[in-house]
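# Understanding the architecture of this molecule
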Amino acid sequence: MDTKMKTAFYWLLLGTCFLTHTLLHMYGLFYDVDIRLPDATGEISLGVQAFNTVIFTGTFLMALLSINLSGKCFRWFSLVWSALFLLLNIFHLGATLFMEKFDLSQLSLLTFALAINVLLTGDLWERLKK
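Cut-offs used in this document
Residues numbered from 1 in each chain as written. Predicted model: local features only at pLDDT ≥ 70, side-chain atom pairs only at ≥ 80, totals over all residues. Heavy atoms only, no water. Helix = DSSP H or I, 4+ residues; strand = E, 2+ residues; numbered from the N terminus. Buried < 20%, exposed > 50% of the residue type's maximum accessible area, 1.4 Å probe, protein only. Contact = heavy atoms within 4.5 Å. Lys, Arg positive; Asp, Glu negative; His and termini not counted. Salt bridge = Lys/Arg side-chain N within 4 Å of Asp/Glu carboxyl O. 1 Å grid on protein atoms, 1.4 Å probe; cavity = no way out; pocket = protein on both sides within 12 Å on 5 of 7 lines; lining within 4 Å. Points joined across faces, edges and corners; volume = space filled by probe spheres on them. Nonpolar A, V, L, I, M, F, W, Y, C, P; charged D, E, K, R; others polar. Expected span 1.5 Å × (residues − 1). Axes fitted to C-alpha atoms, helices over the stretch in contact; angles between N-to-C directions. Parallel < 35°, antiparallel > 145°, perpendicular 65-115°, else oblique. Left-handed = near helix turned anticlockwise from the far one by under 90°.

It is worth spelling out the overall build of the chain at this point. Along the chain, the regular secondary structure elements total four helices and zero strands. Helices and strands appear in the chain in the N-to-C order α-α-α-α. The principal-axis extents of the C-alpha atoms in the chain amount to approximately 50 × 30 × 20 Å. Of all 130 residues assigned to the chain, the portion counted as buried reaches 33%. In the chain, 83% of the contacts between residues at least 6 apart in sequence involve partners at least 24 apart.

Let us now look at the side chain of Arg127. Note on placement: Arg127 falls in helix 4 (residues 104-129). No salt bridge forms around the buried Arg127; measuring N to O, its nearest opposite-charge neighbour Asp2 is 7.6 Å away. Other than its neighbours up to four places away in sequence, Arg127 contacts Thr3, Lys4, Thr7, Leu69, Ser70 and Arg75.

It is worth spelling out the layout of surface pockets at this point. Roughly 1100 Å³ of internal volume is contained in the largest pocket. For the largest pocket, the lining is made up of 27 residues, of which Thr22, His25, Leu37, Val48 and Asn52 are closest to its centre. Put simply, the parts of the chain that give the lining of the largest pocket at least two residues each are helix 1 (3-26), helix 2 (46-68) and helix 3 (72-98). Taken together, the residues of the lining of the largest pocket break down into 13 nonpolar, nine polar and five charged.

Turning our eyes to something else, we now look at helix 3. Along its 27 residues, helix 3 runs 39 Å from first to last C-alpha, staying within 8% of the 39 Å computed at 1.5 Å per residue. Listed as buried for helix 3 are Phe74, Arg75, Ser78, Leu79, Ser82, Phe85, Leu86, Asn89, Leu93, Ala95 and Thr96. Of the surrounding elements, those touching the buried residues of helix 3 are helix 1, helix 2 and helix 4.

Glancing now at the packing of helix 2 against helix 3. Two numbers describe how helix 2 lies on helix 3: the axes approach to 12 Å, and their chain directions differ by 140°. Put simply, helix 2 runs oblique to helix 3. Two packed elements cross with a definite hand, and for helix 2 against helix 3 that hand is left-handed. In this structure, helix 2 uses Phe51, Val54, Ile55, Gly58, Thr59, Met62, Leu65 and Ser66 to contact helix 3, whose residues at the interface are Phe74, Phe77, Ser78, Trp81, Phe85 and Leu88. Residue classes in the contact of helix 2 with helix 3 are distributed as ten nonpolar, four polar and no charged.

Structure (structure tokens):
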């Protein structure tokens, strides 16, 4: 597979994992689990909205840009962005393992997302070295 397409595919998979992660959290609704955050006020803060925009829209934007851009500045930006997501995925997987109630589906999905993120970061690093 072409390197640009592979990179775009990894970004798409990551975005899909982020969306699926949210969906899995909402599954509790089907089993009458209160999924509200303890400090919920009934409003979504601007910070949460911005975070969601970066996480969800950002990954899909990176997929689109990966197909259309190939300059060295963009490759560096992609690598840094991927590394930041990698840190986020590592910490979130750790929090899920040690701080949250056991959920096999979340654990599996977060491990899969981490694996994709490692592959993405590795490919971006190799592409940058060339």
